[in-house]
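Overview (structure and organization)
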Amino acid sequence: MMLAPEKIAQEGGRKPVLFSVYVPFAVTAVLAVLAPRLAHMLPPRRAAWALACAALVTAIGWAGALALLAFTGVAQIPEVAEEGRWSVAALQAEDPVYLVVAGGSALMLAAGVVSLGVAAVGQVRLFVRARREHARLPEETELVVVDDDGPVAFVLPGPPGRIVVSRGMLRCLTDREREALLAHERAHLRCRHHLFQILWRLTAALNPLLRPLAVAGGFVLERWADEEAAQRVGDRKIVAHAVGRAALASAGASFPAALAATGGAVPQRVRALLAPPPPRRSLPLVAGGLLLAVCCASLANAASDSDQLVDSAQCAAYAATASAPSAGDHRHGPDFCFGEHDRRELQEHRP
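The structure displayed is predicted, hence computed values, not measured ones. (Residues numbered from 1 in each chain as written. Predicted model: local features only at pLDDT ≥ 70, side-chain atom pairs only at ≥ 80, totals over all residues. Heavy atoms only, no water.)

**Looking at the sheet that holds strand E2 (residues 153-156)**
Pairing in this open sheet of 3 strands is mixed, and the strands run E1-E3-E2 from one edge to the other. Only two strands of the sheet have a single neighbouring strand rather than two, namely strand E1 (143-146) and E2. This sheet shows a mean twist of 25° between the axes of neighbouring strands, independent of strand direction. Where E2 lies against strand E3 (residues 162-166), 4 bridges are found, and the strand directions are antiparallel. What sits directly across from phenylalanine 154, in E3, is valine 164. (Pairing = 2+ DSSP bridges. Helix = DSSP H or I, 4+ residues; strand = E, 2+ residues; numbered from the N terminus. Axes fitted to C-alpha atoms, helices over the stretch in contact; angles between N-to-C directions.)

Right, dumping it as structure tokens:
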């Protein structure tokens, strides 16, 4: 005898339960809440790398989970099912996701992709603007002092990277504080902090839950540059004074969209510089790594369940259209849709 499509879908293996597809959402929410604390608990350099990895993994997990949820609804469209050669009835029999959830996921994914595209265009415009600023600078040296009474200090990523400081800013600082300011800006260039910024902006555009993480990342980059400047100057108080004076002098001034010593939460930065360097902690990194591993494993498991769901639906479609019950007859459909487990199941049900 020949099995009905629904029977093959149910007996072709374990029924996919797509609970794991929701795990990346939970992981993203947890990391969004913990990101500000992570920014203050870890040394800035380690915190920046941890936040960058968290943003990248959770953004991929977020988009992948939305895509899997949306697919369960899109796959039930008759035209899509006909193109993919699977059974709509088998997919509806499994019913792993409500159609309203699948539709909402599709809308969220589309909105995220559009937002990502807009953010990418914005980053391209910033790059073009930075190149124009490069072309306007008179000297070819790393440090460019502009004849401006306004307190300005920022970096333009390369190649080659440039540090732009106004005479007004230099007049506000002592010699040691100027050294600290330039060491801070050089740290931004040397450590390529603009790449971290780009990553956080793009991932936050794709996944709105990552916006707190992007804000925490911006603070971490300034703290990273502060710590690098403190090591170069050899006096944490001098760097704290330089950051405080530069921020007070530039209060109300407009800056280009670039890394600057006056960025971030200045009072918290000064407070951290007046305290001892942050200790190295491994527990937050281990806990965060486990969360990211759970996110990846859950997404992989959900993808495997979705693949199994499609396989069973394709086998159901083949069984419905096959005119001969013989397992050796390959004339009426593609035999590759049956896995080894499916073959055994069909043989056990043959008369």
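**Observations regarding the packing of aromatic side chains**
All told, the structure shown has 5 aromatic pairs when counted by the stated rule. Ring plane angle 75° and centroid distance 5.3 Å describe the contact between phenylalanine 25 and tryptophan 62, whose orientation is recorded as edge-to-face. Here phenylalanine 25 is found in helix H2 (residues 23-41), whereas its partner tryptophan 62 is found in helix H3 (residues 44-74), with 37 residues between them in sequence. Note on accessibility: phenylalanine 25 and tryptophan 62 belong to one class, buried. Centroid distance phenylalanine 196 to tryptophan 224: 5.7 Å. Interplanar angle 80°. Geometry classified as edge-to-face. With phenylalanine 196 in helix H9 (residues 193-206) and tryptophan 224 in helix H10 (residues 211-233), this pair connects stretches of sequence that are 28 residues apart. Owing to a relative accessible area of 4%, tryptophan 224 belongs among the buried residues under this scheme. Here the aromatic cluster, defined as three or more aromatic residues joined through ring pairs, consists of Trp49, Phe196, Trp200 and Trp224. (Phe/Tyr/Trp six-rings, centres within 6.5 Å; stacked < 30°, edge-to-face > 60°. Buried < 20%, exposed > 50% of the residue type's maximum accessible area, 1.4 Å probe, protein only.)

**Examining the packing of H10 against helix H11 (residues 236-249)**
Running from N to C, H10 and H11 cross one another at 130°; their axes reach a closest spacing of 8 Å. Considered as vectors, H10 and H11 are oriented oblique to each other. Crossing of H10 against H11: the hand is right-handed. Residues Asp226, Glu227, Ala229, Ala230 and Val233 of H10 pack against Arg236, Ile238, Val239 and Val243 of H11. (Parallel < 35°, antiparallel > 145°, perpendicular 65-115°, else oblique. Left-handed = near helix turned anticlockwise from the far one by under 90°. Contact = heavy atoms within 4.5 Å.)

**Re the nonpolar core**
Ranked by size, the top nonpolar core spans 28 residues in total, and within it Ala48, Leu51, Phe196, Trp200 and Leu213 carry the most contacts. When residues of this core are traced back to their parent elements, those giving at least two are H2, H3, H9, H10 and helix H13 (283-321). Take this core: its biggest share by element is 9 residues, from H3. Ala230, Ala240, Val243 and Ala247 belong to the second largest nonpolar core, which has 14 residues in total. (Core = buried A, V, L, I, M, F, W, Y, C linked by side-chain atoms within 4.5 Å.)

**Looking at the pattern of salt bridges**
Evaluated as defined, the whole model comprises 11 salt bridges. Between arginine 167 and aspartate 147 there is a salt bridge, and its shortest N-O distance comes to 3.9 Å. Of this pair, arginine 167 sits in helix H7 (residues 167-171) while aspartate 147 sits in the loop between E1 and E2, and the two are 20 residues apart along the sequence. Aspartate 149 serves as the salt-bridge partner of arginine 171, at 2.8 Å between the closest nitrogen and oxygen. Separated by 22 residues along the polypeptide, arginine 171 in helix H7 and aspartate 149 in the loop between E1 and E2 bring together distant segments of the chain. Like arginine 171, the residue aspartate 149 is exposed in the burial classification. (Salt bridge = Lys/Arg side-chain N within 4 Å of Asp/Glu carboxyl O.)

**Side note on the side chain of threonine 28**
By the secondary structure assignment, threonine 28 is in helix H2. Within the local environment of threonine 28, its side chain forms a polar contact with the backbone oxygen of proline 24, the two atoms lying 2.8 Å apart. Here threonine 28 is in contact with Thr58, Asn207, Leu209 and Leu210, once residues within four sequence places are set aside. (Polar contact = N/O pair within 3.5 Å; in protein donor to acceptor, adjacent residues only side chain to side chain.)

**Remarks on the pairing of E2**
Of the two faces of E2, both are covered, the one formed by Ala153 and Val155 as well as the one formed by Phe154 and Leu156. Taking the residues that link successive antiparallel strands as the turn, the E2-E3 hairpin has 5 residues.

**Things to note about a nonpolar patch on the surface**
A grouping of Val30, Val33 and Leu34 is seen on the molecular surface, where their side chains present a nonpolar patch of about 240 Å² in accessible area. Accessibility expressed as a relative area gives 37% for leucine 34, which makes it partly exposed. (Patch = residues over 30% accessible without salt bridge, like charges linked within 9 Å, V, L, I, M, F, W, Y side chains within 5 Å. Areas by Shrake-Rupley, 256 points an atom, 1.4 Å probe, with all protein chains shown as cover.)

**Some points on the pairing of E3**
Across the 5 residues that make up E3, a large majority, 5, are buried. Neither face of E3 is exposed, since Arg162, Val164 and Ser166 on one face and Ile163 and Val165 on the opposite face are all buried. As paired strands, E1 and E3 are joined by 4 bridges and run parallel to one another. Bridging across to E3, valine 144 finds its partner in valine 164.

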